[in-house]
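As a plain string of letters, each chain reads:
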Amino acid sequence: NAGVTQTPKFQVLKTGQSMTLQCAQDMNHEYMSWYRQDPGMGLRLIHYSVGAGITDQGEVPNGYNVSRSTTEDFPLRLLSAAPSQTSVYFCASSLLAGVYEQYFGPGTRLTVT
Amino acid sequence: AQSVTQLGSHVSVSEGALVLLRCNYSSSVPPYLFWYVQYPNQGLQLLLKYTSAATLVKGINGFEAEFKKSETSFHLTKPSAHMSDAAEYFCAVSSTGNQFYFGTGTSLTVIP
């Protein structure tokens, strides 16, 4: 089991560029989520999915899109990068929402200049 | 609405001393509670979780936490700190909804 994998590990973007952060899990988990981590703010939920074809917004969804076409994959798209999106992004998965713990990927450190 | 408050963004303890990291939650329904640890440049790892069984929960690396409904608390403790415990610790809460809510984290420093 690879668990939760994320690519890339590091990325530098210019303002206005778009990109996709990849996330995959091999544990057959229904629930997947994306967080951003900023100093002193903990983890803030961007988007989440309770199963293939179902996504919903979290606390800070603006500027980000997601889709869930398969159980395994949950990519996060930045539509037009802004310096305020400089952050560390974590993908996580869980067997079911709420009851079971989440398993986290290693993170993607994104810098927008 | 649910929320988590972690008192103390930075905690320093001497090696061998008691570790106490505080977490208070707000939830209108019986919560599920979690403690995670994050080492530098890594993702979060589960330390322990409370899911309405025993109120005293034991986790990995000698950590434990006690669920106190009357105080809406879920504080994390370890009797004797080790240098390898230096890390960032996050408390999280969820319930019957589809979201987990994280505290802002506590950075633990262990002084030799």
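Remember, predicted model here, so these are calculated numbers, not experimental data. (Residues numbered from 1 in each chain as written. Chains lettered and ligands numbered in written order. Predicted model: local features only at pLDDT ≥ 70, side-chain atom pairs only at ≥ 80, totals over all residues. Heavy atoms only, no water.)

Observations concerning the sheet that holds strand β1 (residues 4–7) of chain A
Residues and elements named next belong to chain A.
Part 1 of the reasoning: On the basis of which strands lie adjacent, the open sheet formed by four strands has the order β1-β3-β8-β7 and antiparallel pairing. This sheet does not close on itself; its edge strands, each paired only once, are β1 and β7 (64–66). Going across the sheet, the axis of each strand differs from the next one's by a mean of 20°, ignoring polarity.
Part 2 of the reasoning: Here β7 runs beside strand β8 (residues 76–78); their pairing, made up of three bridges, is antiparallel. Pairing of Asn-65 across the sheet is with Arg-77, part of β8. (Pairing = 2+ DSSP bridges. Helix = DSSP H or I, 4+ residues; strand = E, 2+ residues; numbered from the N terminus. Axes fitted to C-alpha atoms, helices over the stretch in contact; angles between N-to-C directions.)

What to know about the interface of chain A and chain B
Part 1 of the reasoning: Every contact between the two is made by 24 residues of chain A and, on the other side, 21 residues of chain B.
Part 2 of the reasoning: A salt bridge links Lys49(B) to Glu101(A), with the shortest nitrogen-to-oxygen separation between them at 2.6 Å.
Part 3 of the reasoning: Joining chain A to chain B, the criterion identifies three residue pairs in polar contact (both at pLDDT 80 or more).
Part 4 of the reasoning: Looking at the side of chain A that touches chain B element by element, the count peaks at five residues for strand β5 (residues 42–51) of chain A.
Part 5 of the reasoning: Broken down by class, the residue content of the side of chain A that touches chain B amounts to 13 nonpolar, nine polar and two charged. (Contact = heavy atoms within 4.5 Å. Salt bridge = Lys/Arg side-chain N within 4 Å of Asp/Glu carboxyl O. Polar contact = N/O pair within 3.5 Å; in protein donor to acceptor, adjacent residues only side chain to side chain. Nonpolar A, V, L, I, M, F, W, Y, C, P; charged D, E, K, R; others polar.)

Some words on the packing of aromatic side chains
Part 1 of the reasoning: Inspection of the entire model under this criterion finds 14 aromatic pairs over all chains.
Part 2 of the reasoning: Residues Tyr31(A) and Phe100(B) carry aromatic rings whose centres are separated by 5.7 Å and whose planes lie at 65° to one another, so their mutual orientation is edge-to-face. Of the two residues, Tyr31(A) sits in strand β4 (residues 31–38) while Phe100(B) sits in the loop between β10 (87–94) and β11 (101–102), which places them in two different chains.
Part 3 of the reasoning: Overall, the relative accessible area of 1% leaves Tyr31(A) in the buried class. (Phe/Tyr/Trp six-rings, centres within 6.5 Å; stacked < 30°, edge-to-face > 60°. Buried < 20%, exposed > 50% of the residue type's maximum accessible area, 1.4 Å probe, protein only.)

Focus: the environment of Ala2(A)
All names here are of chain A.
Part 1 of the reasoning: Assignment of secondary structure puts Ala-2 in the segment before β1.
Part 2 of the reasoning: A residue is classified by how much of its surface remains accessible, and Ala-2, at 54% relative accessible area, is exposed.
Part 3 of the reasoning: Measuring from C-alpha to C-alpha, the distance between Ala-2 and Gly-53 comes to 23 Å, with 51 residues separating the pair along the chain.

Here we look at the state of the cysteines
All names here are of chain B.
Part 1 of the reasoning: Inspection of every chain in the model, using the stated rule, returns two disulfides over all chains.
Part 2 of the reasoning: Between the sulfur atoms of Cys-23 and its disulfide mate Cys-91 the distance is 1.9 Å. What sets the handedness of the Cys-23 and Cys-91 disulfide is the S-S torsion sign, and at about -60° it is left-handed. With a gap of 68 residues between them, Cys-23 in the loop between β3 (19–21) and β4 (24–26) and Cys-91 in strand β10 connect regions that are remote in the sequence. Like Cys-91, Cys-23 is buried. (Disulfide = S-S within 2.5 Å.)

A word on the pattern of salt bridges
Residue and element names in this part refer to chain A.
Part 1 of the reasoning: Scanning the model with the defined rule gives five salt bridges over all chains in all.
Part 2 of the reasoning: A salt bridge links Asp-38 to Arg-44, with the shortest nitrogen-to-oxygen separation between them at 2.8 Å. Each member of the pair, Asp-38 together with Arg-44, is buried.

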